[in-house]
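In case you want the letters, here they are:
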Amino acid sequence: MPAAAAALRPGGRLVFSTLAHYLSGSSAQPDVTAGRVRAKTPEGKATTMARWVLEEQVWVKLLDQAGLTDINIEVWPAASNRPRTAATLGFGAGGVGPSVSGRRTRSASSVRARPSSW
């Protein structure tokens, strides 16, 4: 997060999405801990990879600690209840420094959900 925050120009936004929980149905991590998930190499060999599936408040804390401002979260429900589907968390956060309006918000308590239109 610090590298992403440093790369943003004043008024810029970091936008990303991630799983709200593991595809297995397991809950997101309550701490900054990467989980191991099954994957395949390009050759088809079974392996595992690190996957950051964190609770909303953990992501907010990381964004806030990196100096990002105007943090917004949206939760998109899974498209179906079939196995290996998950809800998605969408995040938007402003760059450090003054925003376009000239005001800054850094507190995680300023997090607000945004409508689907952003």
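Above this note sits the structure.
Residues numbered from 1 in each chain as written. Predicted model: local features only at pLDDT ≥ 70, side-chain atom pairs only at ≥ 80, totals over all residues. Heavy atoms only, no water.

Draft legend 1. Structural context of unusual backbone geometry. Despite not being glycine, Asp70 has its phi angle at roughly 50°, a positive value. Relative to the helices and strands, Asp70 resides in strand β4 (residues 69–76). (Helix = DSSP H or I, 4+ residues; strand = E, 2+ residues; numbered from the N terminus.)

Draft legend 2. Up close: helix α2 (residues 56–65). Among the residues of α2, those classed as buried are Val58, Trp59, Val60, Leu62, Leu63 and Asp64. At its buried positions, α2 is contacted by β1 (13–19), β4 and β5 (88–94). Looking one or two places after α2, you find Gly67, whose phi comes out positive at around 90°. (Buried < 20%, exposed > 50% of the residue type's maximum accessible area, 1.4 Å probe, protein only. Contact = heavy atoms within 4.5 Å.)

Draft legend 3. Just the packing of aromatic side chains, in detail. This model, assessed by the stated rule, comprises 3 aromatic pairs. The interplanar angle of 15° and the centroid separation of 4.9 Å between the aromatic rings of Phe16 and Phe91 together place this pair among those described as stacked. Taken together, the residues Phe16 in strand β1 and Phe91 in strand β5 connect sequence positions 75 residues apart. Each member of the pair, Phe16 as well as Phe91, carries the same accessibility label: buried. Residues Trp59 and Phe91 carry aromatic rings whose centres are separated by 6.0 Å and whose planes lie at 55° to one another, so their mutual orientation is tilted. Of this pair, Trp59 sits in helix α2 while Phe91 sits in strand β5; the two residues are 32 residues apart in sequence, bridging distant segments of the chain. For the pair Trp59 and Phe91, one class covers both residues: buried. Among the aromatic residues, ring-to-ring pairing joins Phe16, Trp59 and Phe91 into one connected group. (Phe/Tyr/Trp six-rings, centres within 6.5 Å; stacked < 30°, edge-to-face > 60°.)

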